[in-house]
Amino acid sequence: MRVEPLIFELSKPGRHGVSVPDLDVPEAPVPDELIREELPLPEVSEIDVIRHFTRLSQLNHAVDIDMYPLGSCTMKYNPKINEVVARLPGFAQIHPLQDPRTVQGALELMYRLQCYLAEIAGFDAVTLQPAAGAHGELTGILIARAYFDSIGDHRRTTVLIPDSAHGTNPATAAMAGFKVVEVKSDKRGNVDIDELRRLAGPDTAALMITNPNTLGLWDEHIDEIVEIIHGVGGLVYNDGANFNAILGIARPGDLGVDIMHFNLHKTFSTPHGGGGPGSGPVGVKAHLARFLPGPVVARNEGGDPEYTWAWPEASIGKIHSFHGNFGMHVRAYTYIRMHGSEGLRQVSEDAVLAANYLLARLRQAYDLPYDRTCMHEFVLSATRQKQRGVRAMDIAKRLLDFGFHPPTVYFPLIVPEALMIEPTETESIETLDAFATAMLQIADEVEREPEHVQHAPHRTFYKRLDEVRANRELNLRWDPQQSAPLPAAAD
Ligand SMILES: *Cc1c(COP(=O)(O)O)cnc(C)c1O
């Protein structure tokens with residue numbers, strides 16, 4: 001690969017990718033509103049475009065390159081059969097405004113996916129509209145608000161959220177107009193039951209719990225927790241992003257959960273991390289089904305057509321244009337059908353086995369703040385390494401030299417120098433061993449030559465990015481006026 005300098009601006013006036021043949025039909029006028037003379041499109045040849053994007057893709061990590069143990073994000077392999085099915089013309093070349101009679105196959109797939117997700121997680125109704133986990137959370141909490149409004153209970157102003165929760169949970173509750181009250185975790189990483197009892201009351205709209213939680217631990221008091229919240233008239237919302245750990249083993253609906261979102265782009269193998277878009281369906285119990293966003297797909301028993309769009313009677317409205325990210329529904333449906341119920345259970349068993357295997361291999365070299373059998377992920381702490389001047393971020397960067405994507409770092413917030421590792425079920429024992437060997441070598445380097453880890457990565461095109469600036473001034477839009485060559489690689 002040619003690396004220096006990496007030219008970003010490739011446009012040359014008059015150059016183009018395809019030569020359009022001479023017109024051999026009468027010319028039709030282009031509607032005025034479609035003509036945008038001022039649009040400064042880059043003028044490039046086909047090979048320029050291919051090389052540009054291929055080169056950029058090689059500067060990044062991907063699940064198709066190597067292991068991507070980004071805790072809580074479930075970066076599992078995305079089976080290529082999903083792509084084959086999503087590209088079938090009957091799915092790829094239809095339009096959401098088409099008459100339902102002409103897209104019965106697509107509607108049937110959505111209807112079945114609604115049913116499968118409800119069955120797998122123990123709910124009565126599902127919406128496929130939300131486009132991400134966070135979007136599903138907002139949908140779920142708006143449903144909770146609509147429910148309390150409908151029964152005239154206006155005292156419910158707070159949402160309880162454990163301190164191990166993903167940041168989207170408090171953001172969601174605040175955005176839906178609730179006051180967020182944090183619940184501490186106990187020494188074993190569960191929700192602190194005594195504190196929950198103290199905080200739950202007539203003002204509690206919902207508890208947003210993640211089970212298994214972001215420490216990779218199953219809450220040992222889940223029955224009691226549900227009882228406490230239902231006891232004060234509140235609803236239990238389960239953040240289902242970690243559903244990968246319990247498929248075919250436990251159903252949140254059976255545990256008393258009222259509302260849950262799914263991350264199709266985590267649990268059900270649809271692409272994410274740049275490859276999206278995401279999809280975050282929401283499941284609810286029967287008493288909340290009438291508040292779901294509309295429309296949902298309904299089955300017309302013996303009717304014509306068999307599948308139609310229907311509006312839940314007290315719907316919170318639309319939360320996405322059209323019907324959500326349909327291409328992702330096709331991929332998740334394919335994944336479920338390829339596995340079947342036995343296969344889905346094995347997915348979770350293997351995910352939990354892989355995480356516990358890695359935990360067993362790494363526990364001597366790093367601190368383990370919550371020493372329990374883990375579920376699909378576990379959280380180590382680099383506090384020991386920090387005493388040698390090496391931080392979790394340095395370890396993450398050093399892993400890049402071994403070809404691995406780093407784990408999630410500094411999250412959950414209750415673990416100092418957190419390294420949150422989720423291998424997923426799709427990695428072979430050889431890959432798990434290679435990752436463990438890298439982590440052990442890094443721990444060893446911290447003892448012998450900490451500067452080597454502090455200055456990592458050594459082998460990537462870019463060294464350390466200015467992450468604060470990237471966060472504050474994120475700019476993903478190409479703009480010819482601003483376009484400048486990418487900075488050359490350091491060293
Ligand atoms: C990923 C994740 C979310 C948010 O999902 P997005 O699809 O990224 O919006 C919420 N909670 C937990 C625990 C997660 O891991």
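Residues numbered from 1 in each chain as written. Predicted model: local features only at pLDDT ≥ 70, side-chain atom pairs only at ≥ 80, totals over all residues. Heavy atoms only, no water.

- With an unreviewed UniProt entry as reference, the chain is termed Probable glycine dehydrogenase (decarboxylating) subunit 2, source organism Thermalbibacter longus.
- Looking at the Cofactor (unreviewed entry) heading of the UniProt record, one finds this comment for the chain: "pyridoxal 5'-phosphate".
- As its UniProt record puts it under Sequence similarities (unreviewed entry), the chain is described as follows: "Belongs to the GcvP family. C-terminal subunit subfamily." (UniProt positions renumbered as here; feature names shortened; annotations may be inferred.)

**Here's the deal with empty space enclosed by the protein**
Stage number 1. Using the criterion set out here, one finds five cavities of 30 Å³ or more in the structure.
Stage number 2. Size it by volume and the largest cavity reaches roughly 70 Å³.
Stage number 3. As for the largest cavity, its lining consists of Pro162, Ser164, Ala165, Ser185, Gly189, Asn190, Val191, Ile209, Thr210, Asn213, Thr214 and Asp219.
Stage number 4. Tallied by class, residues from the lining of the largest cavity come to four nonpolar, seven polar and one charged. (1 Å grid on protein atoms, 1.4 Å probe; cavity = no way out; pocket = protein on both sides within 12 Å on 5 of 7 lines; lining within 4 Å. Points joined across faces, edges and corners; volume = space filled by probe spheres on them. Nonpolar A, V, L, I, M, F, W, Y, C, P; charged D, E, K, R; others polar.)

**Regarding the site of the ligand**
Stage number 1. Inspection of the region around the ligand gives Ser72, Ala132, Gly133, Ala134, Glu137, His166, Thr168, Asp239, Ala241, Asn263, His265 and Lys266 as its neighbouring residues.
Stage number 2. Side-chain polar atom of Asp239 to a nitrogen atom of the ligand: 2.5 Å apart, as the coordinates give it.
Stage number 3. At 3.1 Å from an oxygen atom of the ligand is found a side-chain nitrogen or oxygen belonging to Asn263.
Stage number 4. Protein contacts shield 87% of the accessible area of the ligand, which totals 380 Å² for the unbound molecule.
Stage number 5. Among the elements that make up the shell around the ligand, the one with the highest residue count is helix α5 (residues 133-150) (three residues).
Stage number 6. By residue class, the composition of the shell around the ligand is three nonpolar, six polar and three charged. (Near = heavy atom within 4 Å. Polar contact = N/O pair within 3.5 Å; in protein donor to acceptor, adjacent residues only side chain to side chain. Areas by Shrake-Rupley, 256 points an atom, 1.4 Å probe, with all protein chains shown as cover. Helix = DSSP H or I, 4+ residues; strand = E, 2+ residues; numbered from the N terminus.)

**Considerations on the side chain of Thr172**
Stage number 1. Following the sequence through the fold, Thr172 ends up in helix α6 (residues 168-175).
Stage number 2. We classify Thr172 as buried; its relative accessible area is 5%.
Stage number 3. Beyond its immediate chain neighbours, meaning those up to four positions away, Thr172 contacts Ala134, Glu137, Leu138, Ile141 and Met208. (Buried < 20%, exposed > 50% of the residue type's maximum accessible area, 1.4 Å probe, protein only. Contact = heavy atoms within 4.5 Å.)

**Some remarks on the packing of aromatic side chains**
Stage number 1. All chains considered together, the criterion is met by nine aromatic pairs.
Stage number 2. Note on Phe404 and Phe435: the rings are 5.4 Å apart at their centroids and 90 degrees apart in plane angle, and the pair reads as edge-to-face. In this pair, Phe404 sits in the loop between α11 (392-401) and β11 (408-409) while Phe435 sits in helix α12 (residues 429-448), placing the two residues 31 residues apart along the sequence. Side by side, Phe404 and Phe435 carry an identical accessibility label, which is buried.
Stage number 3. Put simply, the rings of Tyr147, Phe148 and Phe291 pair up and form one aromatic cluster. (Phe/Tyr/Trp six-rings, centres within 6.5 Å; stacked < 30°, edge-to-face > 60°.)

**Considering unusual backbone geometry**
Stage number 1. In this model, Gly294 is joined to Pro295 through a cis peptide bond whose omega is -5 degrees.
Stage number 2. In the segment running from Asp304 into Pro305, the intervening peptide bond is cis, with an omega of 0 degrees.
Stage number 3. With respect to the element layout, Pro305 can be found in the loop between β8 (296-299) and β9 (307-310).
Stage number 4. Phi at Phe322 takes a positive value of approximately 50 degrees, unusual for a residue other than glycine.
Stage number 5. Among the secondary structure elements, Phe322 is positioned in the loop between β9 and α9 (326-362).
Stage number 6. In this model, Glu417 sits at a positive phi of 50 degrees, which is unusual for a non-glycine residue.

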